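Here is what each chain is made of, one letter per residue.
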Amino acid sequence: MKKFYLIFLGLLILSSADIYSQNFNNIRLGIGGGASIGINESKTRPMDFSARAMLRVPLSSMFSGDVGLEYLTNHGETWAPGNYKTQIIPLDARLLFTPLTSDNWMPYIFAGLGFFNFNVLEKSPLAGPGTPMNGWGGLGIAGIGIEARLSSNFSLDLHFSGSRASNDNLNTEQDNINDGYWSGILSVIYSFGNPNVDTDGDGLSDAYEKEIGTDPNNPDTDGDGLTDGEEVNKYHTNPLNPDTDGDGLKDGDEVHKYHTDPLKPDTDGDGLTDGQEVLTYHTDPLNPDTDGDGLTDGQEVLTYHTDPLKPDTDGDGLTDGEEVNKYHTDPLKPDTDGDGLTDGDEVHKYKTDPLNPDTDGGSVNDGIEVHRGTDPLNPKDDITPKKETFKTEIGKSLVLEGIVFETGKYTILPASEPILNKALNTLEENPDIIVEIQGYTDNAGNRVKNQKLSLNRANAVRDWLVSHGIDAKRLTTKGFGQEKPLVPNTSPENMQKNRRIEFVRIK
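Residues numbered from 1 in each chain as written. Predicted model: local features only at pLDDT ≥ 70, side-chain atom pairs only at ≥ 80, totals over all residues. Heavy atoms only, no water.

Draft legend 1. Fine view of the environment of Ala444. Counting through the fold element by element, Ala444 comes out in the loop between β10 (435-439) and α11 (447-467). A residue is classified by how much of its surface remains accessible, and Ala444, at 39% relative accessible area, is partly exposed. C-alpha separation for the pair Ala444 and Thr407, spaced 37 residues apart in sequence, amounts to 11 Å. Sequence-distant contacts of Ala444, that is, excluding residues within four places in its chain, are made with Asn450 and Met495. (Helix = DSSP H or I, 4+ residues; strand = E, 2+ residues; numbered from the N terminus. Buried < 20%, exposed > 50% of the residue type's maximum accessible area, 1.4 Å probe, protein only. Contact = heavy atoms within 4.5 Å.)

Right, here's the structure in full:
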């Protein structure tokens with residue numbers, strides 16, 4: 001018996017400690033009445049009244065603790081003529097296991113230990129002279145029950161239990177089999193807690209969280225960075241969906257990081273979702289035209305395929321918006337009409353039409369006119385005068401009279417331009433010609449230096465022609481110095497004639 005009381009005392013201490021450790025909102029008090037039937041040696045065992053008061057507190061999602069004080073009587077006819085009647089007052093602690101729960105029904109099974117005080121009110125005729133008329137005993141209990149919620153504070157509880165005493169004294173007859181009793185009690189339970197209790201502190205009551213399906217023990221059920229209360233009460237987002245608007249960004253990131261609207265997949269209305277703007281295109285989800293070019297980010301990405309981060313995608317001097325909305329040029333082509341001028345130069349510099357390669361309709365495109373110095377807005381200057389050329393024959397030498405250099409140097413003077421252009425025209429008009437450019441000097445000065453000077457002057461003429469578009473493979477050079485004078489070097493005029501450049505057509 002001593003061992004039993006030590007176990008029972010330990011159970012009470014644990015139950016009490018747990019009760020005090022729980023939030024007061026979880027504590028419930030119940031009181032109810034019912035019937036009991038004795039388990040003993042009697043011939044008849046009619047039902048008697050029983051009543052119980054209890055304190056119940058949840059220990060986890062599936063277990064609860066229950067401490068209760070019960071009052072009941074057992075009576076019946078004994079084997080000898082006469083009746084017995086005993087008053088029993090048990091105090092017990094029970095562990096309830098609830099494997100299945102819903103918002104309104106909680107079936108459970110339970111087991112527990114306790115002790116009781118008994119007082120014999122009517123002694124059985126079979127009781128011996130030494131039979132105890134009152135005293136104490138231990139108790140083991142097991143049973144089943146169901147609790148039905150009526151409101152946030154009230155519920156009904158119906159349970160049936162069987163109890164076995166640690167002695168054989170409840171009906172005063174002795175057969176060395178411990179007595180006991182069956183009991184069934186219907187109770188009304190009241191929860192002292194506030195129905196608006198918020199266990200996880202997210203701003204929503206546990207009852208409401210159960211109603212909407214969120215976790216009352218997790219302040220952020222969907223893990224999106226917003227508490228369930230913020231989602232329901234402030235932002236009106238779905239606390240069960242981390243991305244309410246389905247734009248690819250979590251609700252919490254939209255609110256705290258990007259400041260976008262978690263209820264609108266496209267906050268700025270530019271045709272791209274907030275997630276696409278942040279994660280794919282790196283545009284501003286709060287600005288429909290990130291680069292300020294006059295086109296929305298969605299138009300740039302989906303319609304025109306321009307860069308929403310660059311106002312001038314093709315680099316032609318016009319913004320993408322100007323090209324699309326004002327000039328109707330191609331924002332992906334710097335020269336829409338292919339005339340050799342960028343759209344921006346046509347609009348801003350030359351005032352030509354970027355959609356028409358020949359703005360003035362004079363038969364020469366705008367780029368050629370600008371390059372040759374004629375007016376692309378005046379058709380009258382489109383007809384080019386016939387180019388002057390030299391007549392050449394294979395093996396014959398042609399003196400390019402008029403090409404002059406600085407004295408003692410191979411720098412070509414500007415006065416040489418007309419003859420050089422005539423040579424250029426000749427080579428352009430006859431693309432199959434290959435020529436040798438020969439340089440000559442007068443006899444003044446050192447012969448070796450004169451030969452070198454003549455070669456450098458021939459090379460200078462070749463370089464001028466190459467810079468104007470003639471293939472260098474068509475041109476060879478030689479320097480003859482003072483050799484092969486055209487006339488005797490007897491006068492300044494003759495010496496000037498000997499300082500010359502000759503073309504010799506070799507093909």
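Draft legend 2. View of the pattern of salt bridges. Taken as a whole, this structure holds 16 salt bridges when the rule is applied. A salt bridge links Asp66 to Arg56, with the shortest nitrogen-to-oxygen separation between them at 3.0 Å. You can see Asp66 sitting in strand β3 (residues 63-77) and its partner Arg56 sitting in strand β2 (residues 48-58), a full 10 residues away along the chain. For the pair formed by Asp66 and Arg56, the shared burial category is buried. With its nearest N and O atoms 2.6 Å apart, the salt bridge here joins Arg500 to Glu502. Of the two residues, Arg500 and Glu502, both sit in the buried class. Where salt bridges share partners, they join Arg28, Arg52, Arg56, Asp66, Glu70, Asp92, Arg94, Glu147 and Asp157 into one cluster. (Salt bridge = Lys/Arg side-chain N within 4 Å of Asp/Glu carboxyl O.)

Draft legend 3. Fine view of the confidence of the model for the protein chain. For the protein chain, the average pLDDT comes to 89, and 93% of its residues sit at 70 or higher. Highest mean pLDDT in the protein chain belongs to helix α5 (residues 274-281) (97); lowest belongs to helix α1 (residues 2-21) (43). Confidence drops under a pLDDT of 50 for residues 1-9, and excluding neighbours within four residues, the segment shows 16 contacts in the predicted structure. Overall, residues 11-25 carries pLDDT values under 50, and its contacts beyond four positions in sequence, including any with other chains, amount to 20 contacts. (pLDDT = per-residue confidence, 0-100.)

Draft legend 4. Molecular detail of the nonpolar core. Counting residues in each nonpolar core, the largest one holds 21 residues, and the members touching the most others are Leu400, Ile403, Leu427, Ile437, Val461, Leu465 and Phe503. Those elements that provide at least two residues to this core are α10 (417-429), β10, α11 and β12 (501-505). When neighbours within four sequence positions are excluded, Leu427 is seen to be in contact with Ile433, Val435, Leu465, Ile470, Arg474, Leu475 and Phe503. (Core = buried A, V, L, I, M, F, W, Y, C linked by side-chain atoms within 4.5 Å.)

Draft legend 5. Structural context of the packing of aromatic side chains. Counted by the stated rule, this structure contains six aromatic pairs. Between Phe116 and Phe118 the ring centres are 6.2 Å apart and the planes differ by 50°, which places this aromatic pair in the tilted class. Judged by its relative accessible area of 1%, Phe118 falls in the buried class. On the basis of an interplanar angle of 55° and a centroid distance of 5.0 Å, the ring pair of Phe154 and Tyr190 is categorised as tilted. (Phe/Tyr/Trp six-rings, centres within 6.5 Å; stacked < 30°, edge-to-face > 60°.)

Draft legend 6. Focus on α10. Here α10 is 13 residues long and its end C-alpha atoms lie 18 Å apart, about the 18 Å a rise of 1.5 Å per residue gives. Taken together, the buried positions of α10 are occupied by Ile419, Leu420, Ala423, Leu424, Asn425, Thr426 and Leu427. Where α10 is buried, its residues meet β10, α11, β11 (475-479) and β12. (Expected span 1.5 Å × (residues − 1).)

Draft legend 7. The arrangement of the sheet that holds β12 in detail. Ordered in space as β9-β12-β10-β11, the four strands form an open sheet in which the pairing is mixed. Because the sheet does not close on itself, it has two edges, and the strands there are β9 (397-399) and β11. Within this sheet the neighbouring strands show an average axis-to-axis angle of 25°, counted without direction. Along the sheet, α11 makes contact with β10, β11 and β12, crossing β11 at roughly 160°. (Pairing = 2+ DSSP bridges. Axes fitted to C-alpha atoms, helices over the stretch in contact; angles between N-to-C directions.)

Draft legend 8. How the structure looks around unusual backbone geometry. The backbone phi angle of His236 is positive, close to 60°, even though this residue is not glycine. Position of His236 among the secondary structure elements: in the loop between α3 (228-235) and α4 (251-258). Phi at Lys351 takes a positive value of approximately 60°, unusual for a residue other than glycine. Following the sequence through the fold, Lys351 ends up in the loop between α8 (343-349) and α9 (366-372).

Draft legend 9. Molecular detail of the side chain of Asp92. Within the secondary structure, Asp92 sits in strand β4 (residues 83-97). Accessibility expressed as a relative area gives 0% for Asp92, which makes it buried.

Draft legend 10. Looking closely at the pairing of β4. Of the pairings in the sheet, the one linking β3 to β4 comprises 13 bridges and is antiparallel in character. Note that in β4 the partner of Leu72 across the bridge is Ile88. Counting the residues between successive antiparallel strands, the hairpin from β3 to β4 contains five residues, one of them, Gly82, with a positive phi of roughly 130°. The pairing of β4 with strand β5 (residues 105-122) spans 13 bridges and is classified as antiparallel. Paired with Leu95 across the two strands is Ala111, which belongs to β5.

Draft legend 11. Examining the sheet that holds strand β6 (residues 134-149) more closely. Taken in spatial order, the eight strands close into a barrel running β1-β2-β3-β4-β5-β6-β7-β8, and their pairing is antiparallel. For this sheet, the mean inter-axis angle between neighbouring strands, taken without regard to orientation, is 25°. Judged from the 11 bridges that link them, β6 and strand β7 (residues 154-165) form a sheet pairing that is antiparallel. The residue bridging Arg149 from the neighbouring strand is Ser155, located in β7.

Draft legend 12. Structural view of the environment of Pro418. Looking at where Pro418 falls in the secondary structure, it is placed in helix α10. Sequence separation between Pro418 and Gly135 is 283 residues; the distance between their C-alpha atoms is 142 Å.

Draft legend 13. Structural view of the packing of α10 against α11. For the pair α10 and α11, interaxial distance at closest approach is 10 Å and the crossing angle is 60°. On the basis of their axis angle, the class for α10 and α11 is oblique. The crossing of α10 and α11 is right-handed. The segment α10 lies against α11, with Glu417, Leu420, Asn421, Ala423, Leu424 and Leu427 engaging Val461, Trp464 and Leu465. (Parallel < 35°, antiparallel > 145°, perpendicular 65-115°, else oblique. Left-handed = near helix turned anticlockwise from the far one by under 90°.)

Draft legend 14. Up close: the environment of Tyr410. Turning to its location among the elements, Tyr410 is positioned in the loop between β9 and α10. Residues within four places of Tyr410 in sequence aside, it is in contact with Phe405, Leu453, Asn456, Arg457 and Ala460.

Draft legend 15. Representation of α5. All of the buried residues in α5 are Asp274, Gly275, Glu277 and Val278. On its buried face, α5 is in contact with α4 and α6 (297-304). Just downstream of α5 lies His282, where phi reads positive at about 60°.

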